[in-house]
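Here is what each chain is made of, one letter per residue.
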Amino acid sequence: QIDTGVKTPLTLQLEKLGKVISWGSYSVGLMIIVGRLMMFDWVGADTLGMINYLLNTLMLAITVIVVSVPEGLPMSVTLSLALSMRRMLKENSLVRKLHACETMGAATVICSDKTGTLTKNRMTVMEFDAGDEALMEELYRNIATNSTAELTTDDEDRLMVIGNPTEGALLMWLNNRGIDYATYRAEYAVVEQVPFSSETKTMSTTVSRDGVVVRYIKGAPEIVMAMCDRLAGNRTREEYDALLLSHQQRAMRTLGFAMQRIEDGVAGEVVFLGVAGIADPIRDDVAEAIDTCMNSAGVRVIIVTGDTPGTAREIGRQIGLVTSDEEGQIITGPEFAALSDEEAREMLKGRTLKIIARARPDDKARLVMLLQSNGEVVAVTGDGTNDAPALSKAQVGLSMGDGTSVAKEASDITIIDNSFSSIGRAVMWGRSLYQNIQRFLLFQLTVNVAACFIVLFGAFMGTESPLTVTQMLWVNLIMDTFAAMALASIPPSADVMNEKPRKTSDFIITKPMRYNILGVAGCFLAILMTLIVYIKGLPLAEVPTALTAFFTIFVMLQFWNLFNASVFGTNHSVFKDARHAVGMLSVAIIILIGQIIIVEFGGKVFRTVPLTLTEWIYIIAGTSIVLWVGEIWRWIQRMKKK
């Protein structure tokens with residue numbers, strides 16, 4: 001039973017594979033026992049000889065069973081995960097839960113925030129439209145006091161924001177006009193403050209000075225205007241609506257401002273003061289990352305944002321997510337909440353939805369669960385405390401580097417630079433990791449099939465076992481443990497982003513892998529069985545050297561096949577990225593040196609005799625045909641694609 005200790009789709013597939021391998025290895029072991037018992041001369045043997053033969057037969061069968069099971073698989077998985085975790089950190093992805101590396105590669109949907117992930121998170125006030133210039137002072141007070149952000153300077157004396165980026169942009173706007181927000185805060189005492197809520201879409205602060213009490217309000221313009229008794233100045237509601245639409249069509253976040261005087265405990269009229277248009281530029285690399293995920297890698301992207309539909313659509317257009325006026329691409333949070341679960345699932349199956357605007361945290365968590373019920377593997381981003389439910393429910397929760405500690409604790413991976421391009425690279429790492437595990441299985445099972453059937457055929461041919469117990473244990477060590485280290489260290493390839501996401505129900509041994517395992521193992525078996533027949537006809541004095549050569553040829557065939565396995569699934573030349581595969585080359589050198597030492601100094605323990613330099617050259621050069629045949633095949637495949 002193969003178990004990595006983490007119940008993910010990969011682990012379940014490995015457990016299934018473990019059962020198949022265990023059943024196969026026990027069957028082969030039993031057949032070896034039967035074959036050797038059938039071929040033994042029971043009549044002419046003494047009691048001691050029979051006991052010795054039975055013990056050797058049992059040891060051989062047990063060794064075959066041990067060799068058949070890839071004990072290095074859990075190590076290969078864990079090592080691949082650990083190496084990916086370390087390398088992903090260099091690319092701004094801090095993996096908090098080890099299994100998330102691989103699960104990210106199986107993601108079929110990414111539910112992404114907008115601010116900071118798709119944009120630079122450098123909010124700037126682009127336009128400010130006051131209803132009445134006479135009330136500008138009230139606007140300044142609103143911005144200064146109805147806020148939790150602060151401005152400070154960094155080590156290079158550059159002004160920077162602490163706190164909410166939107167509020168920071170407003171304070172920056174005041175600073176650029178020569179207005180010190182701290183002066184207003186010092187003059188006014190806060191009586192009551194109601195923080196911004198995704199439910200109300202507003203924030204209010206009540207302040208007092210010299211007995212004068214004023215309530216300042218800011219938030220979504222349409223909601224703030226609905227709270228007001230009148231609009232300052234001469235603008236009408238229709239004019240404000242047109243202004244808001246203009247801002248939103250240019251991907252600006254809009255904020256409305258209002259005030260209410262409270263005299264002797266009696267609240268006066270609520271007056272709408274004006275509108276701010278705030279822009280957050282798109283990250284330079286986001287459009288390319290979105291295109292790679294959606295059009296090359298087949299990963300669906302859904303933006304979940306609190307922005308208005310107009311702003312969200314423009315952002316979607318700028319990043320290449322929304323490319324037409326097709327209906328159903330954008331839905332608002334309230335509209336989404338109004339759908340029944342069945343209606344929402346059907347809508348999501350259509351794969352038209354790309355943006356949820358005016359979304360609330362509950363909408364994100366519900367979206368995750370509905371997508372999962374449709375069989376999707378969901379990765380979701382979040383940076384706030386309210387995002388924790390969605391982050392914990394998703395197969396992969398992606399918190400932001402500047403997010404809250406609650407969001408980070410609920411997540412599996414923290415994207416340090418907040419960028420969507422880092423999320424795309426995490427998908428690439430996850431897919432490459434899975435591919436490395438498949439390469440290990442491809443290589444290991446080829447070795448196992450060849451070794452088991454050689455011993456099995458040898459048992460029925462009545463010859464001395466072509467491979468001894470100690471030789472098979474050495475093969476098991478180098479082709480299992482060392483191979484696991486070699487193939488786990490292969491760096492990721494961007495080619496994996498040209499494939500569609502795998503289904504979690506797909507067996508880890510794919511059809512091309514089965515053909516390769518059986519085809520290559522069959523060729524090796526034919527070569528080796530031919531050698532066995534040849535060895536049977538040799539004079540007794542030449543048999544030890546021949547068996548040593550047979551053992552070495554077997555190992556070298558697998559040695560060269562290790563290089564073929566390292567590029568399986570890419571059709572790349574083995575030599576293309578050789579300079580980046582230091583770990584792979586190091587392990588290959590260790591295997592070669594280890595084989596030379598065992599042959600030259602193994603003696604009776606490994607049933608070997610020293611080989612001459614000429615014999616070594618012939619064996620190494622002759623078996624290298626495995627590599628060259630693989631190179632020719634991959635070259636042909638590359639030519640077909642041109």
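Right above here is the structure, for reference.
Residues numbered from 1 in each chain as written. Predicted model: local features only at pLDDT ≥ 70, side-chain atom pairs only at ≥ 80, totals over all residues. Heavy atoms only, no water.

**A few points about the overall build of the chain**
Phase 1 of the analysis: Tallying secondary structure elements over the chain gives 24 helices and 17 strands in all.
Phase 2 of the analysis: Along the first, second and third principal axes, the C-alpha atoms of the chain reach 120 × 55 × 45 Å.
Phase 3 of the analysis: Counting across all 642 residues of the chain, residues that qualify as buried make up 52%.
Phase 4 of the analysis: Partitioning the contacts of the chain with sequence separation of at least 6, the portion at a separation of at least 24 is 72%.
Phase 5 of the analysis: When the accessible surface of the chain is totalled, it reaches about 28500 Å², and 60% of it is carbon and sulfur.
Phase 6 of the analysis: Averaging the positions of the 58 positive and the 67 negative side-chain charges in the chain gives two centres separated by 8 Å. (Helix = DSSP H or I, 4+ residues; strand = E, 2+ residues; numbered from the N terminus. Buried < 20%, exposed > 50% of the residue type's maximum accessible area, 1.4 Å probe, protein only. Contact = heavy atoms within 4.5 Å. Areas by Shrake-Rupley, 256 points an atom, 1.4 Å probe, with all protein chains shown as cover. Lys, Arg positive; Asp, Glu negative; His and termini not counted. Charge placed at Lys NZ, Arg CZ, Asp CG, Glu CD.)

**Structural notes on the nonpolar core**
Phase 1 of the analysis: Core analysis: the largest hydrophobic core is formed by 119 residues, its most contacted members being Phe420, Leu441, Ile508 and Phe554.
Phase 2 of the analysis: In terms of residues, this core owes the most to one element, helix H17 (residues 420-461), which gives 21 residues.
Phase 3 of the analysis: Among the nonpolar cores identified, the runner-up in size contains 31 residues, and Leu174, Tyr181, Tyr216 and Val271 belong to it. (Core = buried A, V, L, I, M, F, W, Y, C linked by side-chain atoms within 4.5 Å.)

**Examining the packing of aromatic side chains**
Phase 1 of the analysis: Summed over all chains, the structure comprises eight aromatic pairs.
Phase 2 of the analysis: With a centroid separation of 4.3 Å and an interplanar angle of 25°, the aromatic rings of Phe128 and Trp173 are classed as stacked. Linking Phe128 in strand E3 (residues 124-130) with Trp173 in helix H6 (residues 165-176), this pair joins segments that are 45 residues apart in sequence.
Phase 3 of the analysis: A ring pair is formed by Trp560 and Phe563, whose centres lie 6.1 Å apart and whose planes are at 35°; its orientation type is tilted. (Phe/Tyr/Trp six-rings, centres within 6.5 Å; stacked < 30°, edge-to-face > 60°.)

**Some points on the sheet that holds strand E1 (residues 93-95)**
Phase 1 of the analysis: If you trace the eight strands from one edge of the open sheet to the other, you get E1-E17-E16-E15-E2-E12-E14-E13, paired in mixed fashion. The outermost strands of the open sheet, each flanked by one partner alone, are E1 and strand E13 (330-332). Neighbour-to-neighbour, the strand axes of the sheet open up by a mean angle of 20°, direction not taken into account.
Phase 2 of the analysis: One ladder, built from four bridges, connects strand E15 (residues 378-382) with strand E16 (residues 396-400); its direction is parallel. (Pairing = 2+ DSSP bridges. Axes fitted to C-alpha atoms, helices over the stretch in contact; angles between N-to-C directions.)

**What to know about unusual backbone geometry**
Phase 1 of the analysis: Located in the positive-phi region is Asn92, a residue other than glycine, with phi close to 70°.
Phase 2 of the analysis: Even without a glycine there, the phi angle at Asn571 is positive, about 65°.
Phase 3 of the analysis: Mapped onto the elements of the fold, Asn571 is located in the loop between helix H20 (543-566) and helix H21 (582-601).

**Topic: the pairing of strand E5 (residues 159-162)**
Phase 1 of the analysis: Two strands pair when backbone bridges link them, and strand E4 (residues 150-153) and E5 are joined in this way by four bridges, in the antiparallel orientation. In the sheet register, Thr152 faces E5, and the bridge partner there is Met160.
Phase 2 of the analysis: What sits between E4 and E5 in their antiparallel hairpin is a turn of five residues, with Asp157 showing a positive phi close to 65°.

**Looking at the pattern of salt bridges**
Phase 1 of the analysis: The full count for this structure, using the stated rule, is 28 salt bridges.
Phase 2 of the analysis: The partner of Lys114 in a salt bridge is Asp307, with the nearest N and O atoms 2.4 Å apart. Here Lys114, found in the loop between strand E2 (109-112) and E3, pairs with Asp307, found in the loop between strand E12 (300-304) and helix H11 (309-318); they are 193 residues apart in sequence, far enough to count as distant. As far as the burial class goes, Lys114 and Asp307 line up, both buried. (Salt bridge = Lys/Arg side-chain N within 4 Å of Asp/Glu carboxyl O.)

**Thoughts on the environment of Val555**
Phase 1 of the analysis: If you trace the backbone, Val555 turns up in helix H20.
Phase 2 of the analysis: Distance in space between the C-alpha atoms of Val555 and Glu631 is 20 Å, their sequence separation being 76 residues.

**A closer look at helix H10 (residues 286-296)**
Residues three or four positions apart in an α-helix share a direction because the helix packs 3.6 residues into each turn.
Phase 1 of the analysis: Turning to H10, its buried residues number three or more, namely Val286, Ala289, Ile290 and Cys293. Projection of H10 onto a plane perpendicular to its axis shows the buried side chains occupying an angular sector of 100°, all on one side. Structural note: H10 exposes Glu288 and Asn295 on the side pointing more than 90 degrees away from its buried face.
Phase 2 of the analysis: Where H10 terminates, the next one or two residues include Gly298, which has phi positive at roughly 70°. (Arc of directions from axis to C-beta.)

**Overview of the pairing of E2**
Phase 1 of the analysis: Residues Val109 and Cys111 line one face of E2 and the alternating positions Ile110 and Ser112 line the opposite face, and both faces are buried.
Phase 2 of the analysis: In this sheet, E12 lies alongside E2 in parallel orientation, the contact comprising four bridges. Considered in E12, the bridge of Ser112 is made with Ile303.
Phase 3 of the analysis: Relative to E15, E2 is paired through three bridges, and the arrangement is parallel. Bridge pairing links Cys111 to Val380 in E15.

**Some details on the side chain of Gln444**
Phase 1 of the analysis: Topologically, Gln444 is positioned in helix H17.
Phase 2 of the analysis: Using a relative accessible area of 1% as the deciding quantity, one classes Gln444 as buried.
Phase 3 of the analysis: For Gln444, the side chain forms a polar contact with the side chain of Asn448, separated by 2.8 Å. (Polar contact = N/O pair within 3.5 Å; in protein donor to acceptor, adjacent residues only side chain to side chain.)

**What to know about the packing of H20 against H21**
Phase 1 of the analysis: Between H20 and H21, the shortest axis-to-axis distance is 11 Å and the interhelical angle comes to 180°. With respect to H21, the axis of H20 lies roughly antiparallel. Contacts from Thr548, Phe551, Thr552, Val555, Met556, Phe559, Leu562, Phe563 and Ser566 in H20 reach Met584, Leu585, Ala588, Ile591, Leu592, Gln595, Ile598 and Val599 in H21. (Parallel < 35°, antiparallel > 145°, perpendicular 65-115°, else oblique.)

**A look at empty space enclosed by the protein**
Phase 1 of the analysis: Per the stated rule, a full pass over the model turns up two cavities of 30 Å³ or more.
Phase 2 of the analysis: By volume, the largest cavity is sized at about 40 Å³.
Phase 3 of the analysis: If you go around the largest cavity, the residues you meet are Ser84, Arg87, Trp429, Ser432, Leu433, Asn436, Ala488, Ile490, Pro491 and Pro492.
Phase 4 of the analysis: Elements with a minimum of two residues in the lining of the largest cavity: helix H3 (72-90) and H17.
Phase 5 of the analysis: Tallying contributions element by element places H17 first for the lining of the largest cavity, with four residues.
Phase 6 of the analysis: In terms of residue class, the lining of the largest cavity is built from six nonpolar, three polar and one charged. (1 Å grid on protein atoms, 1.4 Å probe; cavity = no way out; pocket = protein on both sides within 12 Å on 5 of 7 lines; lining within 4 Å. Points joined across faces, edges and corners; volume = space filled by probe spheres on them. Nonpolar A, V, L, I, M, F, W, Y, C, P; charged D, E, K, R; others polar.)

**Here's the deal with the state of the cysteines**
Phase 1 of the analysis: Summed over the entire model, instances satisfying the criterion amount to zero disulfides.
Phase 2 of the analysis: In this structure Cys293 is not part of a disulfide, and its nearest cysteine sulfur, from Cys111, lies 13 Å away. (Disulfide = S-S within 2.5 Å.)

**Overview of the layout of surface pockets**
Phase 1 of the analysis: As a volume, the second largest pocket reaches approximately 1200 Å³.
Phase 2 of the analysis: Along the walls of the second largest pocket sit 41 residues, with Leu442, Pro512, Asn516, Phe568 and Gly569 positioned nearest its centre.
Phase 3 of the analysis: Those elements that place two or more of their residues in the lining of the second largest pocket are H17, helix H19 (511-536), H20 and helix H24 (625-641).
Phase 4 of the analysis: In terms of residue count, the dominant contributor to the lining of the second largest pocket is H19 (nine residues).
Phase 5 of the analysis: The residue inventory of the lining of the second largest pocket, partitioned by class, reads 20 nonpolar, 13 polar and eight charged.

Just geometry here; none of it tells us what the structure is for.
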